[in-house]
Amino acid sequence: MFLNKIKIFLLISICPFFSHLTYNDAKSEEIKIISGTAKVIDGDTIRIGEKKIRLFGIDAPESNQICSKPWLSLNVITFNKHYECGLKTTSLLKKFVKNEIIVCKKKSVDRYNRVVAICFKKKRDINSWLVRNGLAVAYTKYSKKY
């Protein structure tokens, strides 16, 4: 009877340990690479299949956003030109990724349940391309990468 109690005690003690190991194995098989043809939602968000992907480390204008830039300056007076920067960024990103296989490396998931990732067209970093071409800004609150 005493040996049966010891066996039961050992079994109860060991079960959580094996459960923890199994959980970590299942967790490690989580998808870290997403690839396919991308549908552009706006300047910093794409969709591949059912996954909505927020581009990591950058911030781009929303699709309906209007921006202004100096058009003419006379001494202390500056005239600004308004333009649809959101549509411009979205359309240029669409042209850039058009019918290409995009590979995204997952970094995390944001509060809206979007995958946050660095995405590539061939070996070219799309996030970096957007910043280098003035279509997005580095989002230094979350990363110093760009």
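Refer to the preceding data block for the structure.
Student: Run through the pairing of strand β6 (residues 77–83), naming residues and quoting values.
Tutor: Pairing analysis gives seven bridges linking strand β5 (residues 67–74) to β6, with the strands arranged antiparallel. Following the sheet pairing, L72 is matched in β6 by F79. Taken together, β5 and the strand that follows it, β6, pair antiparallel across an intervening segment of two residues, in which N75 is found at a positive phi of about 50°.

Student: So what about the pairing of strand β1 (residues 33–42)? Which residues, and what values?
Tutor: Looking at chain direction, β1 and strand β7 (residues 101–109) are connected through five bridges and run antiparallel. Its bridge partner being in β7, S35 is matched across the sheet by V103. Taking the residues between adjacent antiparallel strands as the criterion, β1 and strand β2 (residues 45–48) are bridged by two residues.

Student: Quick one: what's the story with the packing of aromatic side chains, residue by residue and with numbers?
Tutor: In this structure the tally under the stated criterion is one aromatic pair. Ring centres 4.0 Å apart and planes at 15° place the aromatic pair F96 and W129 in the stacked group. Of the two residues, F96 sits in helix α2 (residues 85–97) while W129 sits in helix α3 (residues 126–132), which places them 33 residues apart along the sequence. The class of F96 is buried, set by a relative accessible area of 10%. For W129, a relative accessible area of 12% translates into the label buried. The residue whose ring lies beneath K69 is Y83, and the NZ or CZ to ring-centre distance is 5.0 Å. For the cation-ring pair, K107 lies above F56, with the distance from its terminal atom to the ring centre recorded as 4.9 Å.

Procedures and definitions
- Residues numbered from 1 in each chain as written.
- Predicted model: local features only at pLDDT ≥ 70, side-chain atom pairs only at ≥ 80, totals over all residues.
- Heavy atoms only, no water.
- Pairing = 2+ DSSP bridges.
- Helix = DSSP H or I, 4+ residues; strand = E, 2+ residues; numbered from the N terminus.
- Phe/Tyr/Trp six-rings, centres within 6.5 Å; stacked < 30°, edge-to-face > 60°.
- Buried < 20%, exposed > 50% of the residue type's maximum accessible area, 1.4 Å probe, protein only.
- Lys NZ or Arg CZ within 6 Å of the ring centre and 35° of its normal.

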